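Descriptive analysis of the structure
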Amino acid sequence: MKLQRMNRRALTLGALAVSGALALTACGSDDTGKGDAGGSSAPTAAAGSIKCDDAKGQLQASGSSAQKNAIDAWVKAYTAACKDVQINYNPTGSGAGVTAFTQGQTAFAGSDSPLKPEEVTAAKKVCDGNPAVDLPMVGGPIALGYNVDGVDNLVLDASTIAKIFDGKIKTWDDKAIADLNPDAKLPSTKIQAFHRSDESGTTDNFTKYLKAVAPSDWSYSGGKAWQAKGGQSAQGSSGLAQQVKQTSGAISYFELSYAADGIKTVDLKTDAATPVKATVENATKAISTAKVAGVGNDLALELNYKPTAEGAYPLTLVTYEIVCEKGNKADTLAATKSFLTYIASKEGQDQLTAAQYAPIPEEIITKVRSTLSNLS
């Protein structure tokens, strides 16, 4: 069977370490700041590598805007092979995507955070009493993009980042920033810190990092909704990237693919000797140390925000596709299973080498494929 061949061809961690990025434009998208930039460079899977089975009809999904560029590239390749399927993925944000799924509006959700206990309970109602599972499908770094005239290289640590986004550091020439950047000519420009206006798994992962590494400077409980006071907000990752591009003194957080259009990114000072750049290669060094925290076929991961390896970029996220393990609707089961099986395959994961996303490590993606083979 084709799926068995996919399993035998599981990704190697070496491929993970050299992975790059991806590109897209989602059907029904309301996250329009980036569009399909870079899409022409994404490799297209051969039609013969995609197993359509009995897939047909419309497949509705929504959620994470972090994976928007990945989903669009996957949809383009998949629907070229499976012409009887139309996939509409709306990058509404992780929170809205999970809500739509638990309300039975979509076949699967994309989320940059695994289901919370109350969401697990809600999902059982639409999965005919069965659990939904978190299936990690996309990895990558969360970049801190900035717009400061005359500053082409910027180093920040977790404590300083926390104080910036909590409004405690207000100008770019603040002593805390200057001490980390002794060779930079920092202006007195006011800092314009932008956060997500919508509930976002990117926000959840960003604040988890601050809580883990700078707990004395970030006192908020965290979650998909932004909690700190002050600052400015924008919708979706592309909205934040657009604000950074057009606002002098701006800084924000978004997936690295959204910084592809000339946005400068922060190097993180960690316990390592040298500040770490936001690259897929550096992020994968941290992602590869993640542990499976889910139970049974649920593959929720526990990320390591304090990696000890030199060059490991700790501010990362993993995006999950959330789907019913059993109890999927009969009219969408075939298309859901076929599409998710493709994106978890070697061919699908290889699509992540064109827009700054990272494939999931071999030992984890193999488990994902096994779970998908048993969806019903």
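What you see as residue numbers is a count from 1 along each chain, following the sequence as written. Local features in this predicted model are restricted to residues whose pLDDT is 70 or higher, and side-chain atom pairs enter the listing and the counts only when it is 80 or higher, whereas totals over whole chains, interfaces and linings include all residues. Think of the side-chain values as coming from all heavy atoms in the structure, minus any hydrogens and water.

1. Let's talk about the pattern of salt bridges
Cut-off, in case you're wondering: A carboxyl oxygen of Asp or Glu within 4 Å of a side-chain nitrogen of Lys or Arg is what we treat as a salt bridge. Type-normalised accessible area, obtained with a 1.4 Å probe on protein chains alone, sets the label of each residue: buried when under 20%, exposed when over 50%, and partly exposed for intermediate values.
Throughout the structure, instances matching the rule amount to 11 salt bridges. Taking the shortest distance from any N to any O, the salt bridge between lysine 51 and aspartate 53 comes out at 3.6 Å. The class for lysine 51 is partly exposed, based on a relative accessible area of 39%. The exposure class assigned to aspartate 53 is exposed, which follows from its relative accessible area of 53%.

2. Quick look at the nonpolar core
Heads up, the condition is: Only buried residues count toward a nonpolar core. Its members are Ala, Val, Leu, Ile, Met, Phe, Trp, Tyr and Cys residues joined through side-chain atoms within 4.5 Å. Each helix is a run of DSSP H or I of at least 4 residues and each strand a run of E of at least 2, with the numbering of both proceeding from the N terminus. Whether two residues are in contact is decided by their heavy atoms, any of which lying within 4.5 Å being enough.
If you look at the biggest cluster of nonpolar residues, it comprises 102 residues, and the most contacted ones within it are Trp74, Phe165, Ile251 and Phe339. Looking at this core, the element that brings in the most residues is strand 4 (residues 132-147), giving 9 residues. Once you skip the residues sitting within four places of it in the chain, isoleucine 251 turns out to touch Gly145, Tyr146, Leu156, Ile164, Phe165, Trp172, Ile191, Gln192, Ala193, Phe194, Val244 and Val266.

3. Comments concerning the state of the cysteines
Put simply, the rule reads: Sulfur atoms of two cysteines make up a disulfide when they are within 2.5 Å.
Scanning the entire structure with this criterion turns up 2 disulfides. Paired through a disulfide, cysteine 52 and cysteine 82 show a sulfur-sulfur distance of 2.0 Å. The sign of the -95° torsion about the S-S bond sets the cysteine 52-cysteine 82 disulfide as left-handed. Taken together, the residues cysteine 52 in the loop between helix 2 (13-17) and strand 1 (57-63) and cysteine 82 in the loop between helix 3 (68-81) and strand 2 (85-90) connect sequence positions 30 residues apart. One exposure class covers both cysteine 52 and cysteine 82, and it is buried. Each sulfur of the disulfide joining cysteine 127 and cysteine 324 lies 2.0 Å from the other. Torsion about the S-S bond of the cysteine 127 and cysteine 324 cystine: about -80°, corresponding to left-handed handedness. Linking cysteine 127 in the loop between helix 5 (117-126) and strand 4 with cysteine 324 in strand 13 (residues 316-324), this pair joins segments that are 197 residues apart in sequence. A residue is classified by how much of its surface remains accessible, and cysteine 127, at 0% relative accessible area, is buried.

4. What about the pairing of strand 3 (residues 108-111)?
In plain terms, the rule: Two strands qualify as a pair provided DSSP detects at least 2 bridges between them.
Alternating residues of strand 3 divide into Phe108 and Gly110 and Ala109 and Ser111, and every residue in both groups is buried. Looking at chain direction, strand 1 and strand 3 are connected through 3 bridges and run parallel. Following the sheet pairing, alanine 61 is matched in strand 3 by phenylalanine 108. Relative to strand 13, strand 3 runs antiparallel, the two sharing 3 bridges. The residue of strand 13 that forms the bridge with glycine 110 is glutamate 321.

5. So, the environment of tyrosine 320
Mapping tyrosine 320 onto the fold places it in strand 13. Residues tyrosine 320 and leucine 135 lie 185 residues apart in sequence; the distance between their C-alpha atoms is 4.9 Å. Not counting chain neighbours up to four residues away, the residues in contact with tyrosine 320 comprise Ala109, Gly110, Ser111, Asp112, Ser113, Pro114, Asp134, Leu135, Pro136, Leu299, Ala300 and Leu301.

6. Some details on the side chain of glutamate 119
The topology assignment puts glutamate 119 in helix 5. For glutamate 119, a relative accessible area of 13% puts it in the buried group. Those residues in contact with glutamate 119, other than ones at most four positions away along the chain, are Val98, Thr102, Pro114 and Lys224.

7. With respect to the pairing of strand 1
The line we're drawing: Assignment of crossover handedness uses the view with strands pointing away from the viewer, where a clockwise path from the first strand over the helix to the second indicates a right-handed crossover.
One ladder, built from 6 bridges, connects strand 1 with strand 2; its direction is parallel. By the bridge assignment for strand 2, glycine 57 is matched with valine 85. Note that the unit made of strand 1, helix 3 and strand 2 has a crossover that is right-handed.

8. Overview of the confidence of the model for the protein
Detailed reading of the predicted model is not advised wherever pLDDT is low. Our working definition: One confidence number per residue, pLDDT, is output by the predictor and ranges from 0 to 100.
The predicted model of the protein has a mean per-residue pLDDT of 87, with 87% of residues at 70 or higher. The model gives residues 1-46 a pLDDT under 50, and that stretch makes 144 contacts with residues more than four places away or in other chains.

9. Description of the environment of threonine 284
Selection criterion: Pairs of N or O atoms are called polar contacts if they sit within 3.5 Å, as long as, within protein, a hydrogen donor faces a hydrogen acceptor (for residues adjacent in sequence, only side-chain-to-side-chain pairs).
Residue placement: threonine 284 occurs in helix 10 (residues 280-287). With a relative accessible area of 4%, threonine 284 lands in the buried category. Separated by 74 residues in the primary sequence, threonine 284 and alanine 358 have C-alpha atoms spaced 6.9 Å apart. Polar side-chain contacts of threonine 284 include one of 2.7 Å to the backbone oxygen of glutamate 281.

10. Observations concerning helix 13 (residues 362-373)
Residue pairs spaced three or four apart in an α-helix point in one direction, given the helix's 3.6 residues per turn. This is how it is decided: In this analysis, the expected span of each helix is defined as 1.5 Å times one less than the number of residues it contains. This arc corresponds to the set of directions leading from the helix axis out to the C-beta atoms.
Taking 1.5 Å per residue as the helical rise, helix 13 with its 12 residues ought to reach 16 Å, and the 17 Å between its terminal C-alpha atoms agrees with that figure. All of the buried residues along helix 13 are Ile364, Ile365, Val368, Arg369, Thr371 and Leu372. Considered in projection along helix 13, the buried side chains sweep an arc of 160° and stay on one side of the axis.

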